[in-house]
Amino acid sequence: MADRVLVIGSGGREHALAWKLAQSPHVKHVFVAPGNAGTADNGKISNSAVSVSNHAALAQFCRDQEIRLVVVGPEVPLAAGIVDDLTAAGVRCFGPTAKAAQLESSKSFTKAFLDRHEIPTARWKSFTDPKAACSFINSANFPALVVKASGLAAGKGVIVASNKEEACKAVTEIMQDKTFGTAGETVVVEELLEGEEVSCLCFTDGITIAPMPPAQDHKRLMDGDEGPNTGGMGAYSPAPQISKDLLQKIRDTILQKTVDGMRKEGVPYFGVLYAGLMLTKDGPKVLEFNCRFGDPECQVILPLLKSDLYEVMQAVINKKLSSSMPVWFEDSAAVTVVMASEGYPGTYPKGLEITGLSKAKQLGLEVFHAGTSLTDGKVVTSGGRVLTVTAIKEDLMTALQEANKGVAAIHFKGAIYRKDIGYRAIAFLRQSRGLTYKNSGVDIAAGNALVQKIKPLAAATSRSGCNAELGGFAGLFDLKAAGYEDPILVSGTDGVGTKLKIAQVCKRHDTIGQDLVAMCVNDILAQGAEPLFFLDYFACGKLDVEVAQGVIAGIAEACKKAGCALLGGETAEMPGMYPPGEYDLAGFAVGAVERGQMLPQLERIADGDVVIGVASSGVHSNGYSLVRKIVEKSSFDFSSPVGVSGDQTLGDLLLTPTKIYSKTLLPVLRSGHVKAYAHITGGGLLENIPRVLPESFGVVLDALTWKIPEIFCWLHKEGNLSEEEMTRTFNCGIGAVLVVQKELAQQVLKDIQRHEAAWLIGKVVSLQKGSAHVKVHNMLRALQANRSLSVHSHIQGKIQLNKVKVAVLISGTGTNLEALINSTKKPTSFAQIVIVVSNKAGVEGLRKAERAGIPTRVIDHKLYESRTEFDSAVDKVLEEFSVELICLAGFMRILSGPFVKKWEGKILNIHPSLLPSFKGANAHKLVLQAGVRVTGCTVHFVAEEVDAGAIIFQEAVPVKIGDTVETLSERVKEAEHRAFPAALQLVASGAVQVGEAGKIYWK
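This one's a predicted model, so the numbers in the text were calculated from it and none came from an experiment.

## What to know about the sheet that holds strand E41 (residues 951-958)
Judged by pairing direction, the sheet is mixed, and its 7 strands sit side by side in the order E37-E36-E35-E38-E39-E40-E41 without closing on themselves. Both edges of this open sheet fall to strand E37 (856-858) and E41, since each of them pairs with a single strand only. Strand-to-strand twist in this sheet, taken as the mean axis angle between neighbours without regard to direction, amounts to 20°. Strand direction decides the pairing type here: strand E38 (residues 885-888) and strand E39 (residues 907-911), joined by 3 bridges, are parallel. Directly across from Ile-886, in E39, lies its bridge partner Ile-907. Sheet strands touched by helix H27 (residues 815-824): strand E35 (804-810), strand E36 (831-838), E38 and E39. Its angle to E36, the strand with the most contacts, is close to 155°.

## Some details on the state of the cysteines
A complete count under the given rule lists 0 disulfides for this structure. Distance from the sulfur of Cys-202, which forms no disulfide, to the nearest cysteine sulfur (Cys-200) is 9.3 Å. Cysteine Cys-564 shares no disulfide, and the gap to the nearest cysteine sulfur, in Cys-559, comes to 3.9 Å. Note on Cys-564: relative accessible area 1%, which makes it buried.

## Some thoughts on unusual backbone geometry
A cis amide bond links Ala-33 with the next residue in sequence, Pro-34, at an omega value of 0°. Tracing the backbone shows Pro-34 in strand E2 (residues 27-34). Here Leu-599 and Pro-600 are connected by a cis peptide whose omega angle stands at -5°. Its place among the elements puts Pro-600 in the loop between strand E26 (583-594) and strand E27 (610-615). Positive phi is not limited to glycine here, since Lys-319 has a value of about 60°. When you line up the elements, Lys-319 lands in the loop between helix H11 (309-317) and strand E18 (333-340). Notably, Ser-882 is not glycine yet its phi reads approximately 50°, a positive angle. By the secondary structure assignment, Ser-882 is in the loop between helix H29 (867-880) and E38.

## Quick look at the nonpolar core
Residues Phe-534, Tyr-583, Leu-654 and Trp-706 are the most contacted members of the largest nonpolar core, which totals 86 residues. Broken down by element, the residue count for this core peaks at 10 residues, all from helix H18 (residues 545-562). Setting aside residues no more than four positions away along its own chain, Leu-654 makes contact with Lys-499, Ile-502, Val-619, Tyr-624, Val-627, Val-631, Phe-638 and Ile-711. Ranked by size, the runner-up nonpolar core spans 44 residues in total, among them Leu-6, Leu-86, Val-286 and Cys-291.

## A few points about helix H25 (residues 745-753)
Think of an α-helix as 3.6 residues a turn; residues three or four steps apart then line up on the same face. Regarding H25, the residues found buried are Ala-745, Val-748, Leu-749, Asp-751 and Ile-752. The buried residues of H25 occupy an angular sector of 160° when the element is viewed end-on, so they sit on one face. In this fold, the buried residues of H25 make contact with E27, helix H21 (662-669), strand E32 (734-740) and strand E33 (758-766).

## Overview of the packing of helix H19 (residues 624-633) against helix H23 (residues 710-719)
As a packed pair, H19 and H23 sit with axes 10 Å apart at the nearest point and diverge in direction by 60°. Looking at the two axes, H19 sits oblique to H23. Crossing hand, H19 versus H23: left-handed. Contacts between H19 and H23 involve Val-627, Ile-630 and Val-631 on the former and, on the latter, Trp-714, Leu-715, Glu-718 and Gly-719. The residue makeup of the contact of H19 with H23, split by class, is 5 nonpolar, 1 polar and 1 charged.

## Considerations on the sheet that holds strand E8 (residues 158-160)
Sheet strands line up and pair through hydrogen bonds in the backbone, either parallel or antiparallel. Overall, antiparallel pairing links the 4 strands, which are arranged E6-E9-E7-E8 in an open sheet. The open sheet is flanked by strand E6 (124-127) and E8, the only strands paired with a single partner. Each neighbouring strand pair of the sheet contributes to a mean axis angle of 20°, computed without reference to strand direction. Bridge count for strand E7 (residues 146-149) against E8 is 3 bridges, and the pairing is antiparallel. Each bridged residue has a counterpart across the sheet, and for Val-146 the counterpart in E8 is Val-160. Contacts between helix H8 (residues 164-175) and the sheet are confined to E6, E7, E8 and strand E9 (187-190), with E7 contributing the most and set at about 5° to the helix.

## Some remarks on the packing of helix H15 (residues 444-459) against H18
Any two packed helices are characterised by the angle at which their axes cross and by the distance between the axes. One way to put it is that H15 packs onto H18 with a least axis distance of 10 Å and a crossing angle of 25°. By the angle between their axes, H15 is roughly parallel relative to H18. Regarding H15 and H18, the two cross each other, and that crossing is right-handed. Contacts from Ala-446, Leu-450, Lys-453, Ile-454 and Leu-457 in H15 reach Val-545, Ala-548, Gln-549, Ile-552, Ala-553 and Ala-556 in H18. For the contact of H15 with H18, the residue count by class is 9 nonpolar, 1 polar and 1 charged.

Criteria and cut-off values
- Residues numbered from 1 in each chain as written.
- Predicted model: local features only at pLDDT ≥ 70, side-chain atom pairs only at ≥ 80, totals over all residues.
- Heavy atoms only, no water.
- Pairing = 2+ DSSP bridges.
- Helix = DSSP H or I, 4+ residues; strand = E, 2+ residues; numbered from the N terminus.
- Axes fitted to C-alpha atoms, helices over the stretch in contact; angles between N-to-C directions.
- Contact = heavy atoms within 4.5 Å.
- Disulfide = S-S within 2.5 Å.
- Buried < 20%, exposed > 50% of the residue type's maximum accessible area, 1.4 Å probe, protein only.
- Core = buried A, V, L, I, M, F, W, Y, C linked by side-chain atoms within 4.5 Å.
- Arc of directions from axis to C-beta.
- Parallel < 35°, antiparallel > 145°, perpendicular 65-115°, else oblique.
- Left-handed = near helix turned anticlockwise from the far one by under 90°.
- Nonpolar A, V, L, I, M, F, W, Y, C, P; charged D, E, K, R; others polar.

Here is the structure:
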């Protein structure tokens, strides 16, 4: 059930609050008291004449109207205890109590509080005697040139003097002439700080703080910061002068310490805390606190809020902010320009008609009213600051340009406004600043954080001879301490190959580390060596600490299984070398074997020796380029459920980690009964066994003697692979082979079978000239014999019965439509295309749909007067076909806001770049102009802002030297044909969905 909300106030801030609250599905109606012309009968928003100063009458109004939340905009009602009185009357209210609001209502209280809690601020002193204040100004050992009225003065009670004489004059005006009334009974004289002034706001529930994007206000009336002080002539957000590191410092040393300090003093602070800061050479220092949103800062901060404001405010009141942290739009900037009355901040006329408001709206801008009212149906001026024009764009320059266009479209006599809002930020961005290593894409701090996370993982692999402590230049191993007398060192190195690609697509990084360790330690077993220590190499374009930690945790766990220490490694962050989300792995194992126990013992191998095969766990880590090609051409994908219960995906099955044989086979190899051991790795059965045999010998194997895992049967059938291709590429169920004397074969087999599945699979034979070193009999029969099992077992995709109904909207050839049709025809698809809609008749995409037996409709946009009417016609067709999801496949119309809102989280679009980079219609051209080496495609949910919705799936495409828009476009299209179906499957299956504030959730 939706709720009613009351916003207290009449300015641009309150209009922005009402506008944002009205967007919540939890809100049925927003009353604004007293409000202005912008909040009068505006959709879900209307004004109320209820008295905001009579708190008892206000509480009764809230009960009568069933108001579930009161949001207080300005500072005066807060200082007057509106929150205390309404809360006592049982009305939920967002904002601090009167006592907590002293942070704004009493500057002398605030300065003393800052000193008590060691929060950085300017040096100061408060006075009730003007003579004492002037004496302090003249004698202070710092420039005491800032004079503040201690009480509330509508944001104007601060005078920054240029010399001591001006400062003393300000004291006289405030204290004796009563320029600011009773607010100036006490004055605070402060040190003049030098630096950049910024505003940092946060939500807080008294414990947790949630910082907002930093903003900067412009107090002076005219361009270039000339003219008198005002309540604010414009603002922008975010402020680029504040880096992420600096914002974290402000959060920790100012915002959090303030909230903690208020709580410790028994005055918990709830609501919005606004810190006006000066960025000095000694770090950020507090100039002032406000106990509410700033005006006009509110008008640039709230448009950047992705979350539901109503939900955030309720979380603050419920003291559950930590579990409902607000999410903000990234890669966006907002600028607001204030239009003021002629004569402001002094006396000004009222009742002047305002025109052009609809023109500004048509430009896509938000106009927040302040000093406006309605007279005879016309909007007229009624205050000093009349309205603010806000633009939200991808960068500050564009936002300022658009806001200025809106201001130029709006007219009232004598209007005053600035044209340079954000000029400091623009100058800052244009500065030629020294580059840092982080600017180049290498984050040393992230690398250091990773080391700290993996140190305990490595330490847990310590063994005799090594303590596995990371951090030194090199690792040490003591062979004597490990018990060796006359050792030979044995080393091996390997990677994981394109199995990594499947891990990255499936976002499974926990098993791939075992593959890396197994490939290396299984290799050195061929010399009879015990693995002693392991080194890893992790390379990426941008370090994701969480992903890297998962991979290295898997490596450490595998080292424990292998009995070797993780002695060290290298993490290489190399911008431009790898596409986003991709990484590569390599490993290096060192082992030892006593001189007399080395393998293979070639001189002992004889005709008639027996070959023992040890079971693999599956494909292990070789042949994955072929595996991926087979899956791509099959009716399955990596997310396809397999098995009778469907509780495992094909991706999970293929990511089954490589077996580690060192601990189980090493005792057998050391027994003296084994003549040779071969690891069945790249090259399969055909190429690995000969590596441990004399030139004059080969082996004959019988594939009917061991169990071939069904994954190989499926690969053979789906890929239509020959027997030779199978045995030259894959291990076919045999991860290792041992050569033993015939008389000892049964005993060795029993020893192995205590730990591993194993079989007698063949024998050693003398080679005839020109004969193959390895012959595998009955492979085809064995694969076909096991294939029948797969019908009801592992490799049988679970056919989806209740498919999600999908509509595809097109405007042309529909190349992505064809890919979507092919993918949804697969029995494992969770989606079914039930209708294809085009805004153009006779296009090829319609014919493709008709050939596939899919109904089509043409809705010509030219027949409708507005986007909304056209979208309404489309919506009726979607309802007719009970559509649940929409895919935009080359649909060349921008959808209206109401349509997007109705279908939020249900519309998928594909863009030919790696968003958020290179938005818009000319992505390939922009990519080539920028000179980047990697682009790609992005499937995302559709939001009201173009190319700004939550990202579902991305596929990277390298940019080649000499690429043109045409050649690059063709390769990106190929990626699109894979990415769009994959994303649709993720959404249709419920694996991906949009949650609160447009955030992606993975199940």
